[in-house]
Amino acid sequence: MPVELTLRRAAEEVERGDLASVLRARQRLVGLVTSYPDRLDLRDRLAAVYRLLGDAAQAGRWSYLSEVRDEAEVAAFERAYRTPMARLAAMNWVGGEAGAATETARQRLVALQEAANEQLRAELSVADDRDSSWGTNVLVLVGLVVVLLCFVVGAVTLVMWVYRWFTG
C-alpha cells in the first residue's frame, strides 16, 4: 500500500478515536517507520499516536529527533532505555547522521552516537581491566602453588632425613 494511502488510513483511524482504531493506526505507522526509518514526519505521527495511547516513553522515542519535542517524554524514553547504546538501538535509525533531514536531528544523532561510543569505550576499558587483573591473579596463584610445592618437597626431604638418621 502506498505511503500516502497508509497515512490517510492511519489518520482516519485516529479520528475515529476508539482504542481498536488507534491501535490499528499505530500498527500502520510502525510499519511505515520500519520501511522508511529516515522519514521524520512518520516518526512524528507515530509519536502522536503513542501520546494518544498515554505511552510517554514511546512518544519520546519517536519524537527524539524532532524539532519540537516534549522533554518529559524524552526523559521517559531515556528512563526506559537507560544506556546510550540502548537508546541508539531503539531509534532504529539506519542512515547515520548524514541521512537526517534536519540539522536538529543530525545534532541529536551525533550526540547520541558519541555517548554510545563513550559507553562502549568505558565497557571495553572495564573488560580490559578485568582481563589484566585475571592474568595477574593467575600469576599469583601459580606463584603460590610453586611455593607450596617447594614447601612440601622440603618437608618430605626433612622427614626422610630425620627418619634415616634415627633408624640408620
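One structure accompanies this document, and this report is about it. (Residues numbered from 1 in each chain as written. Predicted model: local features only at pLDDT ≥ 70, side-chain atom pairs only at ≥ 80, totals over all residues. Heavy atoms only, no water.)

## Some points on the packing of aromatic side chains
Piece 1. Across all of its chains, the model carries two aromatic pairs by this definition.
Piece 2. The interplanar angle of 70 degrees and the centroid separation of 5.4 Å between the aromatic rings of tyrosine 64 and phenylalanine 77 together place this pair among those described as edge-to-face. Remark: phenylalanine 77 occurs in helix α5 (residues 71-80) and tyrosine 64 occurs in the loop between α4 (56-63) and α5; sequence separation between them is 13 residues.
Piece 3. Under the relative-accessibility criterion, tyrosine 64 is labelled buried at 8%.
Piece 4. Using a relative accessible area of 0% as the deciding quantity, one classes phenylalanine 77 as buried. (Phe/Tyr/Trp six-rings, centres within 6.5 Å; stacked < 30°, edge-to-face > 60°. Helix = DSSP H or I, 4+ residues; strand = E, 2+ residues; numbered from the N terminus. Buried < 20%, exposed > 50% of the residue type's maximum accessible area, 1.4 Å probe, protein only.)

## A word on the pattern of salt bridges
Piece 1. Overall, the coordinates contain seven salt bridges when judged by the stated rule.
Piece 2. Between arginine 69 and glutamate 71 there is a salt bridge whose closest N-O contact spans 3.1 Å.
Piece 3. A salt bridge links arginine 106 to glutamate 103; the shortest N-O distance between them is 3.2 Å. Of this pair, arginine 106 and glutamate 103 both sit in helix α7 (residues 103-167), three residues apart, which is roughly one turn of that helix.
Piece 4. Take glutamate 103: its relative accessible area is 45%, and that puts it in the partly exposed class.
Piece 5. Beyond isolated ion pairs, a larger network of salt bridges with shared partners links Glu13, Arg24 and Arg28. (Salt bridge = Lys/Arg side-chain N within 4 Å of Asp/Glu carboxyl O.)

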